[in-house]
Amino acid sequence: MPPNSKKEPEIPAMATAALARFGDRFDEAQREVLIKTARQLEEAAEDLRKWELANGDEPDSAFSALQGQDS
Amino acid sequence: MPPDPLLGLSIGELGAKLRSGETSPTALARAAMEALDSTGRELNAVATIMDERAMRQATRAEAELASGHDRGPLHGIPWGAKDLLAAVGAPTTWGATPFRDQVFDYDATVVRRLEQAGAVLVAKLAMVELAGGMGYEELDAAWTGPGRNPWDRDSWAGGSSSGSGAAVAARLLPFAIGSETFGSIVTPASYCGITGLRPTYGRVSRYGAMALSWTMDKLGPLCRSVEDCGFVLDAIAGPDENDPTSVQRTFRYPAPEGRPEQRKDGFRFGVPAGWREGTEPEIVVNIEASLETLRQIGTVEEVALPDMPSNQAARIIIAAEGASAFEDLIEDGRVMQLQAPSCRVKPHVYAALPAADYLRAMRVRRHISAAYDRITAEYDAIVGPTTGNVSPLLTQTLDRSTRPTTSAPIGAPGNLAGLPAIAVPNGFGDRGMPTSLQFTGRAWTESRLLTIASEYQARTEHHLAAPPA
């Protein structure tokens, strides 16, 4: 076993995506904030995934076709 | 120079003095602008004072009142707009450095309606940058500096309607308009010891207001009494073709049909089980005293709120919609000009939120809304502390994982479901800072909430307390 096999905590996918796009904007401290924020959002998303939804459960957003005249 | 004591009067009292000639719209507007320019700036409550527009509106109101043309209770009353409302005659900065020079050539619907009601817009008021949607942790997250609390200038005025809360509490203005996506009206109302009304989602047009979260943003009044909130909501509510989310419903205050129906034993109040948990002890004492007062007009019973992931859903929805609303700011890097260090970083993660997570949050939200509709249908109001803590010191931060502020247990679901709420002062807590009682109702029950909260204020004097000059 190599001497430095200690596993690094995984970087959340959201943080990886954000760093890939904007990584050059951050110093080390900001990078940590970014990873912490991504972890918190992933936890929130994970909690939501525990809530059982049926196939027909639609998002609570109001979409309607634009008003017009029947013709 | 201390503010003119006239500015500490209610809208009704000021209206009487305006009509008797004891004061005038121009005198009130000048007094308000002087107070904002001195005390208001010390509190970091002011973005822009609008001398020219204010004096033009005040002069017109004066002439109209003198000629007998009376537009109603707000005629000649000075007011301030949270600096996310477009108004001709001043920049609209959204509290954020990248938008310091932003100017709109039209008025937000709320601004236009208040002008039609004869109110005199004297200032744009400071706010947390981008209404707090970028996840601020620092309490100085605004280009105007930290919002200082009139009760203790080393404490926070609350956010994100900081200037609106501080200016009304300090008796610099009779009323102001704030906005709430998640707590931004009721929190400054609580921390500053004033009355704040969050209307039902869709009750008030958001046209011309900065968008943070299209499905959660609301506009509403911050005042010193329930009655004043009623007068202001009457002026600003109603459908607007420029805002497709505004509903075809009318709101009148006082309600033309009179007092809402109630049971023989009065109003029915529900208090969330476990509300004491995480609530500061002084606030527990004050809420218990408030519940005793409410027993004079009805019954109080404990209600078990469902265990649903409301905070999580609200967090993801606001993050995703906020990242979309400010996509250009994030993409072009201007987000790095924001005041709060946390706000320079977090939006980059929000922009990477998977669509599936946002949609799941919106699907769960439908269940939450349905559950809270069933609960609020059973009661005239759900009552409890507006915030579980008094205003924090400005030296503190709002780390969301160990945050020193706690909102009411119904805060997240109430905002997700678009429910109306009114926060009223109910005493003082730690460090002598104000505490607050919140009434949350079923959608579209603002009239009922106003009646109930009026009854509470008729039996108490907490809303009359003024901070030190």
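Residues numbered from 1 in each chain as written. Chains lettered and ligands numbered in written order. Predicted model: local features only at pLDDT ≥ 70, side-chain atom pairs only at ≥ 80, totals over all residues.

## Points about the overall build of chain B
Going by this rule: In DSSP terms, a helix is any run of H or I states spanning at least four residues, a strand is any run of E spanning at least two, and both are numbered starting from the N terminus. The globule rule used here is 2.2 Å times the number of residues to the 0.38 power, and the radius of gyration it is set against is calculated over C-alpha atoms. Once C-beta atoms are placed from the backbone, each residue is buried if 20 or more other C-beta atoms lie within 10 Å of its own, exposed if 12 or fewer, and partly exposed for counts between those two. Residues are treated as contacting if the C-beta atoms built from their backbones sit within 7 Å of each other.
Each helix and strand in chain B was counted, giving 14 helices and 13 strands. Rg of the C-alpha trace for chain B: 20 Å, near the compact-globule value of 23 Å for 469 residues, within the 12% margin. Overall, chain B is about 60 × 60 × 45 Å in size when its C-alpha atoms are taken along their principal axes. By residue count, 62% of the 469 residues in chain B fall in the buried class. By sequence separation, contacts in chain B at least 24 residues apart represent 77% of the contacts at least 6 residues apart.

## Examining the sheet that holds strand β13 (residues 434-440) of chain B
All names here are of chain B. What counts is decided by this rule: Two strands make a pair as long as DSSP finds a minimum of two bridges between them. A fitted line through C-alpha atoms represents every axis, and for helices the fit uses only the stretch in contact; the resulting angles, taken between N-to-C directions, go from 0 to 180 degrees.
Ordered in space as β1-β3-β2-β6-β8-β7-β12-β13-β11-β9-β10, the eleven strands form an open sheet in which the pairing is mixed. Taken across any chain shown, the strands that pair with only one partner, and hence form the sheet edges, are β1 (46-49) and β10 (298-303). With direction set aside, neighbouring strand axes in the sheet form an average angle of 30°. Sheet topology note: the strand β2 (residues 78-82)/strand β3 (residues 120-125) ladder contains five bridges and is parallel. Bridging across to β3, K82 finds its partner in L125.

## A closer look at the environment of H462(B)
All names here are of chain B. Of note, H462 is situated in the segment after α14 (446-459). Under the C-beta neighbour-count criterion, H462 is labelled buried, with 21 such atoms within 10 Å. Residues H462 and V424, 38 residues apart in the sequence, show an inter-C-alpha distance of 8.4 Å.

## Side note on the interface of chain A and chain B
Note the cut-off: In this classification, Asp, Glu, Lys and Arg are treated as charged, Ala, Val, Leu, Ile, Met, Phe, Trp, Tyr, Cys and Pro as nonpolar, and every other residue, Gly included, as polar.
At the interface, 26 residues of chain A touch 30 residues of chain B. Among the elements of the structure, α1 (13-22) and α2 (28-49) of chain A are those that each provide at least two residues to the side of chain A that touches chain B. The element best represented in the side of chain A that touches chain B is α2(A), accounting for twelve residues. For the side of chain A that touches chain B, the class distribution of residues is 16 nonpolar, four polar and six charged.

## Details of the pairing of strand β6 (residues 175-180) of chain B
All names here are of chain B. Of all six residues making up β6, six are buried, and the element is well covered by its neighbours. Side chains of β6 alternate between two faces, with F175, I177 and S179 and A176, G178 and E180 buried alike. Here β2 runs beside β6; their pairing, made up of three bridges, is parallel. Bridging across to β6, W79 finds its partner in F175.

## Remarks on the nonpolar core
Selection rule: When buried Ala, Val, Leu, Ile, Met, Phe, Trp, Tyr and Cys residues are joined through C-beta atoms within 7 Å, the set is termed a nonpolar core.
Counting residues in hydrophobic clusters, the biggest one holds 165 residues, and the most contacted among them are L121(B), V122(B), I316(B) and I422(B). A total of eight residues in this core trace back to one element, the largest contributor, which is helix α9 (residues 310-325) of chain B. With near-sequence residues (within four places) excluded, I316(B) lies in contact with L41(A), A44(A), A45(A), L48(A), L353(B), D357(B), Y358(B) and A361(B).

## Comments concerning helix α5 (residues 162-169) of chain B
For α5(B), the buried fraction is high: eight of the eight residues fall into the buried class. Those residues of α5(B) not exposed but buried are S162(B), G163(B), S164(B), G165(B), A166(B), A167(B), V168(B) and A169(B).

## Comments concerning helix α3 (residues 51-66) of chain B
All names here are of chain B. Going by this rule: Expected helix span is taken as 1.5 Å per residue step, with the number of steps being one fewer than the number of residues. Arc definition: directions from the helix axis to the C-beta atoms.
For α3, spanning 16 residues, the distance from its first C-alpha to its last is 22 Å, which sits close to the expected 22 Å at 1.5 Å a residue. The complete set of buried residues in α3 reads A54, Q57, A58, A61, E62 and L65. For α3, the buried positions fall inside an angular range of 140° around the axis, keeping them on one side. Projecting away from the buried face of α3 at angles above 90 degrees are the exposed residues E52, A63 and A66. Contacts made by the buried residues of α3 are with α1 (11-20), α2 (25-42), α4 (109-116) and β3. G68 sits one or two residues past α3 and shows a positive phi near 90°.

## Quick look at the environment of R334(B)
Residues and elements named next belong to chain B. Take R334: it is sitting in the loop between α10 (327-331) and α11 (341-350). Its 15 C-beta neighbours within 10 Å are what place R334 among the partly exposed residues. In this structure the C-alpha to C-alpha distance between R334 and P98, which are 236 residues apart in sequence, comes to 6.4 Å. The residues contacting R334, other than those within four sequence positions of it, are P98 and L329.

## A few points about unusual backbone geometry
All names here are of chain B. For the peptide bond that leads from G159 to S160, omega is 5°, which places it in the cis range. Topologically, S160 is positioned in the loop between β5 (152-156) and α5. The peptide bond linking Y253 to P254 adopts the cis configuration, its omega dihedral lying at -10°. One non-glycine residue, W94, lies in the positive phi region at around 55°. Positive phi, close to 70°, is recorded for W444, a residue that is not glycine.

## A look at the confidence of the model for chain B
Worth spelling out the cut-off: The quantity known as pLDDT measures the predictor's confidence residue by residue, on a range of 0 to 100.
Looking at chain B, the pLDDT average stands at 96 and 98% of residues meet or exceed 70. In the model output, the complex is listed with pTM 0.96 alongside ipTM 0.90.

## Things to note about the environment of G23(A)
The residue G23(A) is located in the loop between α1 and α2 in this model. Remark: the alpha-carbon pair of G23(A) and A13(A), spanning ten residues in sequence, is separated by 14 Å.

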